[in-house]
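Structural features, examined
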Amino acid sequence: MKTEELMSILSDKRASLDDVLSDLQTLTLASYLNDLLEEKGMTRAQVINASGLSRDYANQIFNGKRTNPSQVKILALTIAMQLTLEETNRVLKLAKASALYPKLAFDATVIYAIVHEFQPSFLIA
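In this text the structure is predicted, and so the values were computed from the model without any measurement. (Residues numbered from 1 in each chain as written. Predicted model: local features only at pLDDT ≥ 70, side-chain atom pairs only at ≥ 80, totals over all residues. Heavy atoms only, no water.)

Quick look at the pattern of salt bridges
Using the criterion set out here, one finds one salt bridge in the structure. Here Glu87 makes a salt bridge to Lys40, at a shortest N to O gap of 3.3 Å. With a gap of 47 residues between them, Glu87 in helix 7 (residues 85–94) and Lys40 in helix 3 (residues 29–40) connect regions that are remote in the sequence. The class of Glu87 is buried, set by a relative accessible area of 14%. (Salt bridge = Lys/Arg side-chain N within 4 Å of Asp/Glu carboxyl O. Helix = DSSP H or I, 4+ residues; strand = E, 2+ residues; numbered from the N terminus. Buried < 20%, exposed > 50% of the residue type's maximum accessible area, 1.4 Å probe, protein only.)

Quick notes on the confidence of the model for the protein chain
Caution applies to low-pLDDT regions: their predicted coordinates should not be interpreted in detail. Mean pLDDT over the protein chain stands at 87; residues scoring 70 or higher make up 90%. The secondary structure element of the protein chain with the lowest average pLDDT is helix 2 (residues 17–25), at 71, and the one with the highest is helix 5 (residues 55–62), at 97. (pLDDT = per-residue confidence, 0-100.)

Observations concerning helix 5
When we look at burial in helix 5, the residues that qualify are Tyr57, Ala58, Ile61 and Phe62. Down the axis of helix 5, the sector holding all buried residues measures 135 degrees, keeping them to one side. Facing away from the buried surface of helix 5 by more than 90 degrees, the exposed residues are Arg55 and Asp56. At its buried positions, helix 5 is contacted by helix 3, helix 4 (44–51) and helix 6 (71–80). (Arc of directions from axis to C-beta. Contact = heavy atoms within 4.5 Å.)

Observations concerning the nonpolar core
In terms of nonpolar packing, the biggest core is built from 29 residues, with Leu29, Leu33, Leu77 and Val91 touching the most fellow members. Where this core is concerned, the elements lending two or more residues are helix 3, helix 4, helix 5, helix 6, helix 7 and helix 8 (105–115). In this view, Leu33 contacts Ile61, Phe62, Leu77, Met81 and Val91; residues no more than four positions away in its chain are not counted. (Core = buried A, V, L, I, M, F, W, Y, C linked by side-chain atoms within 4.5 Å.)

Now the structure itself:
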């Protein structure tokens, strides 16, 4: 479900909170990634190619067969998808990986790159 749709439903005074929450509880890593693909108008093939991950491994993530890949693998996908910091941390949480923590040098570098919208060289055509 797109964020805008969810906000619309939550704003509707006739909506049942229980129904909304039950829909949210079914959110998985794969469903969220696929929703983001749709929202951003990207194809799975574009993201997989840009991520540097093997096609089989990345497809397992998108198909829900690999539910807890490492933080680095998830970051490869989120960077390829050009996600915001909030979206990236949500994907990491759904993957049961550590959220980005600014006191760690690696994480701080990734946060800086995301916030400043750096384009990795492999994404520049």
